[in-house]
Amino acid sequence: MGSIQYLDMIISMFGFSVLMAFIAAELEIQIEGKDGWAKNLPTWKVKNSLTRFIWGEQPITGYHVWFLLFNLVWSQFPFVVGVPWTLGLELQILSIMFFAILMEDFFWFVLNPEFGFKKFNAKHATWHLRWMFGVPTWYIKLTLVIIALLLVGGFLD
């Protein structure tokens, strides 16, 4: 695959991930309603030192584990249809997956009739415990991971 085709594929995948994030957010709004972080869903919740390191003070839920696994498996689709696997491309695809997860969370607020953009803040989104520059701090951390994966993946390919 030539470098222009490769770049076009990565850009298309980012665009596609925005569409998927939009659809996933709408689905999650239908499932969770106004209660984010699976607050009132019949799912298991675990909070320990490992989950605190990854998620902060929120427990990990069975709902979110399965949602993450769904995203991870779906992100591997290019390899299923014959795109040759490389570590660099894998890292870039993971960056796209993380971007979709970040966008899905943001869309959840913007599209949710119980929230909207005006309630995208620490006062109303109480499950996001730490905020910086007007966004949950994990958005910033995840953005740094996305950028690092893209750069390292691009370097390796």
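Before reading further, recall that the structure is shown in the block above.
## A closer look at the overall build of the protein
Then, in step 1: Along the backbone of the protein there are six helices and four strands.
Then, in step 2: Counted from the first residue to the last, the protein has its helices and strands arranged as α-β-α-β-α-α-α-β-β-α.
Then, in step 3: For 157 residues, the compact-globule estimate of 2.2 N^0.38 gives 15 Å, and the C-alpha radius of gyration of the protein, at 17 Å, lies within 12% of that figure.
Then, in step 4: For the protein, the spread of C-alpha atoms along the three principal axes comes to 50 × 35 × 30 Å.
Then, in step 5: In the protein, which comprises 157 residues, the proportion classed as buried is 41%.
Then, in step 6: Contacts in the protein between residues far apart in sequence, at least 24 positions, make up 59% of those at least 6 positions apart.
Then, in step 7: When the accessible surface of the protein is totalled, it reaches about 9,500 Å², and 73% of it is carbon and sulfur.

## Quick word on the pattern of salt bridges
Then, in step 1: Tallying each qualifying case throughout the model produces one salt bridge.
Then, in step 2: Note that lysine 34 and aspartate 35 form a salt bridge whose closest N and O atoms lie 3.4 Å from each other.
Then, in step 3: Assessed through its relative accessible area of 48%, lysine 34 is described here as partly exposed.
Then, in step 4: What makes aspartate 35 buried here is its relative accessible area of 16%.

## Some thoughts on the packing of helix H5 (residues 87-111) against helix H6 (residues 137-156)
Then, in step 1: It is at 7 Å that the axes of H5 and H6 come closest, and there the two elements cross at 155°. Relative to H6, the element H5 lies roughly antiparallel. The handedness of the crossing between H5 and H6 comes out as left-handed.
Then, in step 2: Grouping the constituent residues of the contact of H5 with H6 by class yields 18 nonpolar, six polar and one charged.

Criteria and cut-off values
Residues numbered from 1 in each chain as written. Predicted model: local features only at pLDDT ≥ 70, side-chain atom pairs only at ≥ 80, totals over all residues. Heavy atoms only, no water. Helix = DSSP H or I, 4+ residues; strand = E, 2+ residues; numbered from the N terminus. Rg over C-alpha atoms; globule rule 2.2 N^0.38 Å. Buried < 20%, exposed > 50% of the residue type's maximum accessible area, 1.4 Å probe, protein only. Contact = heavy atoms within 4.5 Å. Areas by Shrake-Rupley, 256 points an atom, 1.4 Å probe, with all protein chains shown as cover. Salt bridge = Lys/Arg side-chain N within 4 Å of Asp/Glu carboxyl O. Axes fitted to C-alpha atoms, helices over the stretch in contact; angles between N-to-C directions. Parallel < 35°, antiparallel > 145°, perpendicular 65-115°, else oblique. Left-handed = near helix turned anticlockwise from the far one by under 90°. Nonpolar A, V, L, I, M, F, W, Y, C, P; charged D, E, K, R; others polar.

Nothing here speaks to function; it is geometry throughout.
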